[in-house]
Amino acid sequence: MRILGLLAAMAGLIVLPLISSGYVVYLANLLLTFTVLCLGMHIVIGEAGQFSLAQAAFYGIGIYTSGLANTAFGWPLPLSVLASGLVAALVGLCIGTLALRMRDIYLALATFAFGEAMQWVFLSWTPVTGGPNGLRIPPASLLGFEIVNDRQAYPVVLAITILMIWATVVIARSRLGRAFRAVRESEVAALAMGVSVQTTKLAAFALSAFFAGVAGAMFAIYSTYIHPDSLGFQTTILVLTMVVVGGLGSFSGAIGGAIVFGLISELLRQAPSYQEIIYGLILIVFMMFAPRGLFAFIGDNLKRFARA
Amino acid sequence: MDLQLALLFLQQGVASGLVVGSVYALLALAIVIIFKTSEVPNFAQGEMLMAAGYVALYLLVFRALPAWASISMTIVVAFAGAALFRRVVLTQVAHASGSPVNLVIATLGLSYVLKGLVRQTGFGDTPRSFPALVSTDSLMIGQASVTRLDLAILGTAIIVMAAFFWMFGYTKLGRAMRSVGMNPKAAQLVGVNLNRIHTIIWGLSGAISAIAALLISPKLLMTADMGSVVTLGFAAAIVGGFASLPGAVVGGFIIGIVEQLVGLFVSSRAITLAPFLAIMLVLILRPQGLFGGRVVIKKV
C-alpha cells in the first residue's frame, strides 16, 4: 500500500511539468525548496530537540553563495550547490560551537540575534548581495546546458530534493540519528549511554544549516531575483509553522507540512495582513491541541471515530 | 579623532546609554523572571511590550484619557493579558506534550498574533509618535546633554526595579517565587501553589514590559515591529548569565552603553549588529555571563 502510494507520488511528480502551466511548475519548485528547508528544521528541532531560529539566514547564505559561485567563479551547478550547503554549515558550526557551550537555550537566542544581524549584512554588503536593490541571479548551467526557466529547473530541483530526503532517512537510521533522539529524550540518559551530547547537538545544528544552504542553492536555480526582505525572521517562522503543522519529530510530517502549508501560505499571499495572525494562531493552537501535527491528529480522530 | 571630542562622545554615550539601558534592563528582568521559574525563554516579550505601547497610545491619544488613567490601565491590561496567556494557553500546551520546545513555539506564536493584531487595528500601518508626558528640555550633565524625559525614564526604571527586588527578596510572594525557581517539587510540598505563582510571574513580566513600553515609546517612532528591541533585552539577559536578576539589570545597562558608544564611535548603522556581537563576545569570553554560576544538569 505504502509502496504503491510512493510510486504514484513519484509518477505524479515526474509528469507534472509536462501537463501543467508555468505557475504550477514554479509553485512545485518552491514547495520542493520548502521541503528541504523543513527537513533541515526537522533534524534540529524534531530529531535533536534543539532550537535554530536562523533557518532564513542560512537559506540566504546558500542563495548568495550559489549566486557568487555562479557569477564570480563560474562553478558548475553540483559544485555550487555543495558549496552553498558547506558554507552555511561552516557558519553554523562557528555559532553553534560557541552557543552550545552553556545552556541549550543559548542556541535559540544566538541564532535569533544572528538572523537579525545577517539580514542587516544582506542589506548592507552591496558588492555581493546587491544591497537594498536585491540581486539578479544569473541562470545556472548544468553540463553546458543553461537553465533559463522553471520547467527546465524542475528536474534538477526534484533530483536534489529526493537526494536530501534520502540523506535525511539515512541520517535518521544511523548511529547519529539515534544519538539525536537520545539527546532529545534525555540528555542524562544519553550521556550515560556514551553519547557525546555537545557534539551531537552541534552536528544536528550544522546539518540543519547545511540543508538550509542547499535549499538556498535550489532557490537560486529557478529564481532570477532575491531581495533581503524575504530572508527575515518571517521566513524562519514560516518554516517552523510548516514543521509544526506536519508534526514535530515526524519525518513524513515535515514533508507533508511543507507541501500542505506551502500551498496554504501561497493562498494567504492574497491577504498579507492576516498572514501573521494566522501563522501565530496555528503555532499556538497546534501546540495546545495537536502537538504531533495535523496528520497524527486526523489519524487519531479517525481511529476514535471508527471505534465509536 | 582628538581627545576632546572622544571625551565628549564618551560622556554622551554613557549618559544616553544609561537611559536606554534602564529600559533594556527592565526588559531583561521581565525575560529572566519567566526563564528562572519555568525554563522558557519568552520570545513574545518584545511583542508584549509593543502591544502594551499601542494600548497606551490608544487610551492616551485616541480616547484622550488622563495620563494616570492610561498608564495604570495599560499596566493592568498587560498584567492580565500575560497572566491569561500563561493560565489558558501554556497550561494546555504543557498538558498536551510537556516538551519545553513546545512552550517556546507557543510564545513565538503569541509574538506573531500580537504583531498581526496591532497591524489589523490599523494603528500599526504608519509609524506613530508617542506623546512625551515629561518635558523634553535638555540639561547638561558634565558635557553630556540629556533631557528631563531621559532623567524621568532612568528614575522610573530604577524605582520599578527597586520595588521588584524588594518584592522578590523580602515578601512571602517573592519567597514563593524564588522557591519555585530553585525546586518546583519541593516548593509544592511546602504548600506553594505552582499554577498561581507561574500566573503571577507571567503577569508581573507583562506589567514590567508595559512599563518599559511606556518609557521607551516617546524616544522612538512606534511601529508594529518595535518589538525587535527584545533582541537587546535577550542580549542583556545573556550578559548577566540569564538566570540572575541583578545580572539582567547590570547587563541591560552594559548593553545600553555599548550600543550608544558603538553608535557614536563607529556608525549608527552598526547598532543593528550590537546585540549579536555582544552575545557572541560574552559566549566567547565568559559563557556563564557576568553573574551566572555554573549550570548544573538537572537529574532525571
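Scoring rules and cut-offs
- Residues numbered from 1 in each chain as written.
- Chains lettered and ligands numbered in written order.
- Predicted model: local features only at pLDDT ≥ 70, side-chain atom pairs only at ≥ 80, totals over all residues.
- Heavy atoms only, no water.
- Contact = heavy atoms within 4.5 Å.
- Buried area = accessible area lost by both parts, 1.4 Å probe.
- Salt bridge = Lys/Arg side-chain N within 4 Å of Asp/Glu carboxyl O.
- Polar contact = N/O pair within 3.5 Å; in protein donor to acceptor, adjacent residues only side chain to side chain.
- Helix = DSSP H or I, 4+ residues; strand = E, 2+ residues; numbered from the N terminus.
- Nonpolar A, V, L, I, M, F, W, Y, C, P; charged D, E, K, R; others polar.
- Patch = residues over 30% accessible without salt bridge, like charges linked within 9 Å, V, L, I, M, F, W, Y side chains within 5 Å.
- Areas by Shrake-Rupley, 256 points an atom, 1.4 Å probe, with all protein chains shown as cover.
- Buried < 20%, exposed > 50% of the residue type's maximum accessible area, 1.4 Å probe, protein only.
- 1 Å grid on protein atoms, 1.4 Å probe; cavity = no way out; pocket = protein on both sides within 12 Å on 5 of 7 lines; lining within 4 Å.
- Points joined across faces, edges and corners; volume = space filled by probe spheres on them.
- Arc of directions from axis to C-beta.
- Phe/Tyr/Trp six-rings, centres within 6.5 Å; stacked < 30°, edge-to-face > 60°.

Peer 1: Help me understand the interface of chain A and chain B, please; the structure alone is not making it clear to me.
Peer 2: Interfaces are frequently sized by the accessible area removed from exposure as the parts join. On the side of chain B, 48 residues touch chain A, which itself brings 41 residues to the contact. Surface buried jointly by chain A and chain B totals about 4,200 Å² across both partners, of which 79% is contributed by carbon and sulfur atoms. Counting every contact that joins chain A to chain B gives 1 salt bridge. Note that R119(B) is salt-bridged to E276(A), the shortest N-O span being 2.8 Å. For the pair chain A and chain B, the number of links is 2 residue pairs in polar contact (both at pLDDT 80 or more). Counting residues per element, the ones that place at least two in the side of chain A that touches chain B are helix 4 (77-99), helix 5 (105-124), helix 11 (233-246) and helix 13 (272-289) of chain A. Tallying contributions element by element places helix 5 of chain A first for the side of chain A that touches chain B, with 12 residues. The residue makeup of the side of chain A that touches chain B, split by class, is 32 nonpolar, 5 polar and 4 charged.

Peer 1: Would you mind showing me how to read a nonpolar patch on the surface here?
Peer 2: Residue and element names in this part refer to chain B. Taken together, the side chains of L3, L7, L10, V14, L18, L264, F265 and V266 define a hydrophobic patch exposed on the protein surface, amounting to about 670 Å² of accessible area. Secondary structure elements with two or more residues in the nonpolar patch: helix 1 (3-38) and helix 10 (245-265). The element best represented in the nonpolar patch is helix 1, accounting for 5 residues. When you line up the elements, L18 lands in helix 1. Judged by relative accessible area, L18 falls into the partly exposed class, the value being 32%.

Peer 1: Help me out: how do you make sense of empty space enclosed by the protein in this one?
Peer 2: To find leftover empty space, a probe the size of one water molecule is rolled over the atoms. For the structure on display, the rule yields 2 cavities of 30 Å³ or more. In this model, the largest cavity occupies a volume close to 80 Å³. If you trace the largest cavity, you find 14 residues lining it, with S66(A), N70(A), L77(A), S80(A) and A140(A) closest to the centre. Broken down by secondary-structure element, the contributors of at least two residues to the lining of the largest cavity are helix 3 (55-71), helix 4 and helix 10 (197-222) of chain A. Considering only residue class, the lining of the largest cavity consists of 9 nonpolar, 5 polar and no charged. Its volume calculated, the second largest cavity comes out at about 40 Å³. I33(B), K36(B), T37(B), F168(B), M177(B), R178(B), G181(B), I201(B) and L245(B) together form the lining of the second largest cavity. Tallied by class, the residues present in the lining of the second largest cavity amount to 5 nonpolar, 2 polar and 2 charged.

Peer 1: Help me understand helix 8 (residues 175-185) of chain A in this model?
Peer 2: Spacing of three or four residues puts side chains on the same side of an α-helix, whose turn is 3.6 residues. Residues and elements named next belong to chain A. Of the residues making up helix 8, those classed as buried are G177, A179, F180 and V183. Summarising the axial view, the buried residues of helix 8 lie within an arc of 160°, below the 170-degree limit, and thus occupy one face. Of the exposed residues in helix 8, those oriented more than 90 degrees away from the buried face are R175 and E185. Where helix 8 is buried, its residues contact helix 2 (22-47), helix 7 (150-173), helix 9 (187-192) and helix 10. Among the residues of helix 8, the N-terminal cap falls to S174, whose side-chain oxygen and the backbone nitrogen of L176 are separated by 3.2 Å.

Peer 1: When you look at unusual backbone geometry in this model, what are you seeing that I'm missing?
Peer 2: Residues and elements named next belong to chain B. For E39, which is not glycine, the phi torsion reads 60° and is therefore positive. Within the element layout of this structure, E39 appears in the loop between helix 1 and helix 2 (45-62). One non-glycine residue, A64, lies in positive phi territory at about 55°. By the secondary structure assignment, A64 is in the loop between helix 2 and helix 3 (67-96).

Peer 1: Sorry if this is basic, but what is going on with the packing of aromatic side chains here?
Peer 2: The geometry of two aromatic rings is summed up by the distance between their centres and the angle between their planes. All names here are of chain A. The tally for this structure, following the rule as stated, stands at 19 aromatic pairs over all chains. A centroid spacing of 5.7 Å and a plane angle of 70° characterise the contact between F219 and Y222, whose relative ring orientation is edge-to-face. Of this pair, F219 and Y222 both sit in helix 10, 3 residues apart, which is roughly one turn of that helix. Residue F219 is classed as buried on the basis of its relative accessible area, which comes to 11%. By relative accessible area, which is 6% here, Y222 ends up buried.

Peer 1: Can you walk me through the pattern of salt bridges in this structure?
Peer 2: Side chains carrying opposite charge are able to pair once their charged atoms draw close together. Residues and elements named next belong to chain B. Enumeration over the complete set of coordinates arrives at 8 salt bridges over all chains. A salt bridge links R119 to D225; the shortest N-O distance between them is 3.1 Å. Residue R119 is found in helix 4 (residues 100-121), and its partner D225 is found in the loop between strand 4 (221-222) and helix 9 (230-239); the two are separated by 106 residues along the sequence. A salt bridge links K219 to D150, with the shortest nitrogen-to-oxygen separation between them at 2.8 Å. Of the two residues, K219 is situated in the loop between helix 8 (194-216) and strand 4 and D150 in helix 5 (residues 148-170); the sequence distance between them amounts to 69 residues. The exposure class of K219 is partly exposed, given its relative accessible area of 40%.

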